[in-house]
Amino acid sequence: MVITTMGEWELLDITAHKEVIAVAEGSSIDELVFHIRVRRRATTYVVNLLIPSCFLITVDLFSFLLPPQSVDRSSFKMTLILGYTVFMLIMNDLLPATGNTMPLINVFFSLCLALMVASLLETILITNMLHSSASFSVVPRWIQVLVLQVLGCLVCLPLKTKEKRNAEIHMRHSTVAAESRSGEAYPEERGPVVEDRTLEELKSLGMNVKAIRLQVEQKQRGGAESSEDWIQVGFIIDRLLFGLYILFISVSFITIIIIWVNSYTSGSCIMLSCSRPDPPALLEALRPVFNLSSIRPVMNISTPTPVHIDFIFLGILGVDEKAQVLSTYILRSLDWKNEFVSWDPEECGSSWITVPRNLLWVPDVVINEFMEKNSAPFVPYTYLFHDGLVLDKQPVRVVSSCSLDIYTFPFDIQNCSLSFNSYLHRKAALELFQTRSTEEIFSMSKEAMATIGEWELIGMTSTKYILPAGDTEIYEELRFFISVRRRAITYVVNLLIPSCFLITVDLFSFLLPPKTVDRSLFKMTLILGYTVFMLIMNDLLPITGNTIPLINVFLSLCLALMVASLLETILITNLLHGSAHYSPVPGWVRLFVIQMLGRLVRLPPKPKDEDTIIQNPAAQEMKVGALVSEEVQAPVQKGSLMEAKALQELRSLGQDLQVIRLQVEQYLNESQGSEEWSQVGFIIDRLLFCLYVLFISISFITIIIIWVNSYNAS
């Protein structure tokens, strides 16, 4: 064993085979290809990626056991999603970066995040049903059949029978009615005047007590049967998502174990190929030709030298948006005629020979867009054929300038150019031609492309230009136009999908009832998570000072909408809890917001209840007290002194109960100004919700259209 390193990769086996490649008519070269199979040691990724992810998804699974009636489950799940997002962003360096295929582990992580977001949205929905279903309409028939009956039986949550509900409601109503009837039957044993007044006071006392009881019971009951049905729908959806969670975790664990076990039986494959030519033995006969390498190889100086240019793309290494350069790796081929060379193949025993490159004249053909020195390995030999044809092949790492337009990032298509021309020789001395057509070059480049990275070659054209040289002469330039397209899967999975998840969570947070749930804390946690996500993923965004990519505008608008929804939540919370101390709603606000915007968002103004008149308890107390004093001043005419005192006590008790009743009514029924301010808050909330839905719809449609157009452009 020679290998002494115990790194990430483990050598499995090595195989080899020999290939014969034709390079010219009657000529060929040998190529020896080695196939090396290596396997990744997965322990680091299992410990640092899979196990923590499984822990977090299991915690989210067990969070379904938290009772949504008494625990703020949404804040718990939002904090868990924030932690999982930060964990994935920090561990992003461990994941492979490729633009061709999506690794299965990335799909697993994306599904985990999707399930967490789905469970959070479901928690928001069930919280809304638990706290606001009293104001909902009756459950539609199709939901009753599909959810309450079919899915309810499927998840072992059958629908409660209506007989039990009706029995409970009937029992409550019958009890109240019986007490009302019993309060009307008073025996007549005393004098007519005192008994009538005593009976009156007892009836008034009973009515006040009954009114207080009915108001309290109505407040406690909320919405009746429809509210219970909506709550049952929420619990069924909760149980169904819990079952899907268990199914996903089970399938994921089994798949991970199977793939891990199979990796030790089959292994993955990485191929490495290498080749070298063999030189022939005709060097001595060409010594005189080598002495003429300083001049252009023509017998007549006025004869131009035709140079044929050909190249093949071996890889697209990357694009630097900030420096505006395209990095590619090509195999460039130049061939021209050396008129000083000619021999008989039969006499010399060979039709070609390889000679050192510095022994022959080589045309000064360069790429105009070159920005850096060629760092590819230098090939010191050229092919020289018996008829004077010289074939020069060189690998070139081209770092070329390119005007990059990243407005549609990550669905952008870049058009760059490679311009071949001579620095010194004019058209009269050197002419440029293409060895193969552009279509053949494109086809061979697609087949020979060794890298499957972020960029994909989608098109190639060429044009020959005749340009003035500045000294009354002209020169030729052969320009190739290269079209490359960015593979957007990495950016869609790591940028767009998480952003859409977070903005969807913020959209569904509008369903949280602001009266009972601290929606502002939830939104603040969401904004914090989104900000951390943007800071960590900032390296994926292009850096340029020319134009702002559309995706940057999208992400900025997402953050702006989140902040606007947080500010609106703070405003509506203030209106709901502090509007009792506000002055009445101004007329222009009532007209513009309540009347116009309210009807626009389907929240019309509530009709005023003119039958309900709440009197001032102090005035009532003064009124009743005056009547009592009147009755006390003439006790002799109304009966005996003891009966008058009893009547006075009854009236005093009735007065106290009436004051309590009026105060309860004032507490349960908000004032008209407070209701109008609350209505203003709800209208603003619904309006921002509609703007949210409009923005998300337009954004999704725009992203899909740009993505589809980027593929149709090829």
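Residues numbered from 1 in each chain as written. Predicted model: local features only at pLDDT ≥ 70, side-chain atom pairs only at ≥ 80, totals over all residues. Heavy atoms only, no water.

K.L.:
Tell me about the state of the cysteines, residues and numbers included.
P.N.:
Scanning the entire structure with this criterion turns up one disulfide. The disulfide partner of Cys-402 is Cys-416, and the S-S distance across this bridge is 1.9 Å. Sign of the S-S torsion, about -85 degrees for the bond between Cys-402 and Cys-416, identifies this disulfide as left-handed. Of this pair, Cys-402 sits in the loop between strand E9 (389–401) and strand E10 (413–422) while Cys-416 is found in strand E10, placing the two residues 14 residues apart along the sequence. On the basis of relative accessible area, Cys-402 is assigned to the buried category, the value being 7%. Unpaired in terms of disulfides, Cys-153 finds its nearest cysteine sulfur in Cys-156, a separation of 8.8 Å. When its relative accessible area of 56% is taken as the criterion, Cys-153 is described as exposed. Cys-156 sits in the exposed class, given a relative accessible area of 60%. (Disulfide = S-S within 2.5 Å. Helix = DSSP H or I, 4+ residues; strand = E, 2+ residues; numbered from the N terminus. Buried < 20%, exposed > 50% of the residue type's maximum accessible area, 1.4 Å probe, protein only.)

K.L.:
Go over the packing of aromatic side chains, please, and point to the residues and values.
P.N.:
Under the defined criterion, the tally for this structure stands at 14 aromatic pairs. Ring geometry for Phe-510 and Tyr-692: centres 5.6 Å apart, planes at 70 degrees, overall edge-to-face. On the criterion of sequence distance, the pair formed by Phe-510 in the loop between helix H11 (489–508) and helix H12 (519–536) and Tyr-692 in helix H18 (residues 672–712) is long-range, its members being 182 residues apart. Look at Phe-510 and you get buried, because its relative accessible area is 7%. Residue Tyr-692 is classed as buried on the basis of its relative accessible area of 0%. With centroids separated by 6.1 Å and ring planes inclined at 15 degrees, the aromatic side chains of Phe-554 and Phe-695 adopt a geometry described as stacked. Taken as a pair, Phe-554 in helix H13 (residues 550–578) and Phe-695 in helix H18 lie far apart in primary sequence, 141 residues in all. Residues Phe-554 and Phe-695 agree in their burial class; the two are buried. An aromatic cluster is built from Phe-311, Phe-313, Phe-420 and Phe-480, whose rings are joined through pairwise contacts. In this structure, Lys-464 packs its charged tip against the face of Phe-433, placed 4.4 Å from the ring centre. (Phe/Tyr/Trp six-rings, centres within 6.5 Å; stacked < 30°, edge-to-face > 60°. Lys NZ or Arg CZ within 6 Å of the ring centre and 35° of its normal.)

K.L.:
Describe the confidence of the model for the protein, with residues and values.
P.N.:
On average, residues of the protein carry a pLDDT of 76, and 78% of them reach 70 or more. Throughout residues 176–191 the model reports pLDDT below 50, and contacts reaching past four residues in sequence, or to other chains, amount to 15 contacts. Note on residues 610–624: pLDDT is under 50 here. Beyond four places in sequence and across chains, it has 16 contacts. (pLDDT = per-residue confidence, 0-100. Contact = heavy atoms within 4.5 Å.)

K.L.:
Go over the sheet that holds E10, please, and point to the residues and values.
P.N.:
Here we have four strands laid out as an open sheet, ordered E7-E10-E13-E12, and antiparallel in their pairing. Sheet topology places strand E7 (365–367) and strand E12 (455–468) at the edges, where each strand pairs with a single neighbour. Averaged over neighbouring strand pairs, the angle between their axes works out to 20 degrees when direction is ignored. Bridge analysis of E10 against strand E13 (residues 474–486) gives nine bridges, and the strand direction is antiparallel. Its bridge partner being in E13, Asn-421 is matched across the sheet by Glu-477. (Pairing = 2+ DSSP bridges. Axes fitted to C-alpha atoms, helices over the stretch in contact; angles between N-to-C directions.)

K.L.:
How would you explain the packing of helix H3 (residues 104–132) against H11 if you had to name every residue and give the values?
P.N.:
Viewed as axis vectors pointing N to C, H3 and H11 meet at an angle of 10 degrees, and their least axial separation amounts to 9 Å. For the element pair H3 / H11, the angle class is roughly parallel. Seen from H3, the contacting residues are Ser-110, Leu-113, Ala-114, Val-117, Leu-120, Leu-121 and Ile-124; seen from H11, they are Val-493, Pro-498, Phe-501, Thr-504, Val-505 and Phe-508. Here the residues of the contact of H3 with H11 are counted per class, giving eleven nonpolar, two polar and no charged. (Parallel < 35°, antiparallel > 145°, perpendicular 65-115°, else oblique. Nonpolar A, V, L, I, M, F, W, Y, C, P; charged D, E, K, R; others polar.)

K.L.:
Now, about a nonpolar patch on the surface: what can you tell me, with residues and values included?
P.N.:
Together, Leu-11, Ile-14, Leu-32 and Phe-34 give the surface a local cluster of nonpolar side chains, amounting to about 350 Å² of exposed area. Looking at where Leu-32 falls in the secondary structure, it is placed in strand E2 (residues 27–40). Judged by relative accessible area, Leu-32 falls into the partly exposed class, the value being 41%. (Patch = residues over 30% accessible without salt bridge, like charges linked within 9 Å, V, L, I, M, F, W, Y side chains within 5 Å. Areas by Shrake-Rupley, 256 points an atom, 1.4 Å probe, with all protein chains shown as cover. Salt bridge = Lys/Arg side-chain N within 4 Å of Asp/Glu carboxyl O.)

K.L.:
Describe the side chain of Ser-445, and please don't skip the residues or the numbers.
P.N.:
Following the sequence through the fold, Ser-445 ends up in helix H10 (residues 438–448). Taking relative accessible area as the criterion, Ser-445 reaches 0% and is therefore assigned buried. Among residues more than four places away in sequence, those in contact with Ser-445 are Ile-312, Phe-313 and Leu-457.

K.L.:
Give me the lowdown on the environment of Leu-657, citing residues and values where you can.
P.N.:
Along the chain, Leu-657 turns up in helix H17 (residues 641–668). Exposure remark for Leu-657: the relative accessible area of 17% places this residue in the buried category. When the C-alpha positions of Leu-657 and Ser-204 are compared, they lie 9.4 Å apart, and in sequence the two are 453 residues distant. Not counting residues within four places of it along the chain, the set of residues in contact with Leu-657 comprises Leu-205, Asn-208, Val-209 and Ile-212.

K.L.:
Explain the nonpolar core to me, using residue names and the numbers behind them.
P.N.:
If you look at the biggest cluster of nonpolar residues, it comprises 67 residues, and the most contacted ones within it are Tyr-84, Phe-109, Tyr-245, Val-505, Tyr-530, Met-562 and Tyr-692. Elements supplying a minimum of two residues to this core: helix H1 (43–62), helix H2 (73–90), H3, helix H7 (225–263), H11, H12, H13 and H18. Broken down by element, this core gets its largest block of residues, ten residues, from H3. Among the nonpolar cores identified, the runner-up in size contains 42 residues, and Val-390, Leu-478, Ile-482 and Val-484 belong to it. (Core = buried A, V, L, I, M, F, W, Y, C linked by side-chain atoms within 4.5 Å.)

K.L.:
Requested: an account of the environment of Ala-42, with residues and values cited.
P.N.:
Note that Ala-42 resides in the loop between E2 and H1. For the pair Ala-42 and Trp-9, spaced 33 residues apart in sequence, the C-alpha to C-alpha distance is 9.2 Å.

K.L.:
Which residues make up the pairing of E12, and what values do they have?
P.N.:
Alignment of E12 against E13, held across 13 bridges, turns out to be antiparallel. Note on E13: the bridge partner recorded for Ser-462 is Phe-480. Between E12 and E13, which pair antiparallel in sequence order, lie five residues; one of them, Gly-470, sits at a positive phi of approximately 95 degrees.

K.L.:
If you had to explain the side chain of Thr-127 to someone new, which residues and values would you point to?
P.N.:
One can find Thr-127 in helix H3. For Thr-127, a relative accessible area of 7% corresponds to the buried category. A polar contact is formed between the side chain of Thr-127 and the backbone oxygen of Thr-123, at a distance of 2.7 Å. Setting aside anything within four residues of it in sequence, one finds Thr-127 in contact with Leu-512, Pro-513 and Val-517. (Polar contact = N/O pair within 3.5 Å; in protein donor to acceptor, adjacent residues only side chain to side chain.)

K.L.:
How would you sum up the sheet that holds strand E8 (residues 381–385)? Please name residues and give values.
P.N.:
Sheets are built from strands that pair by backbone hydrogen bonding, the pairs being arranged parallel or antiparallel. Taken together, six strands build an open sheet; the order of strands is E6-E8-E9-E5-E4-E11 and the sheet is mixed. Every interior strand has two partners, whereas the edge strands, strand E6 (352–356) and strand E11 (430–434), have only one. Averaged over neighbouring strand pairs, the angle between their axes works out to 30 degrees when direction is ignored. Pairing of E8 with E9 involves two bridges; the strand directions are antiparallel. Within E9, the residue paired with Tyr-383 across the bridge is Leu-391.

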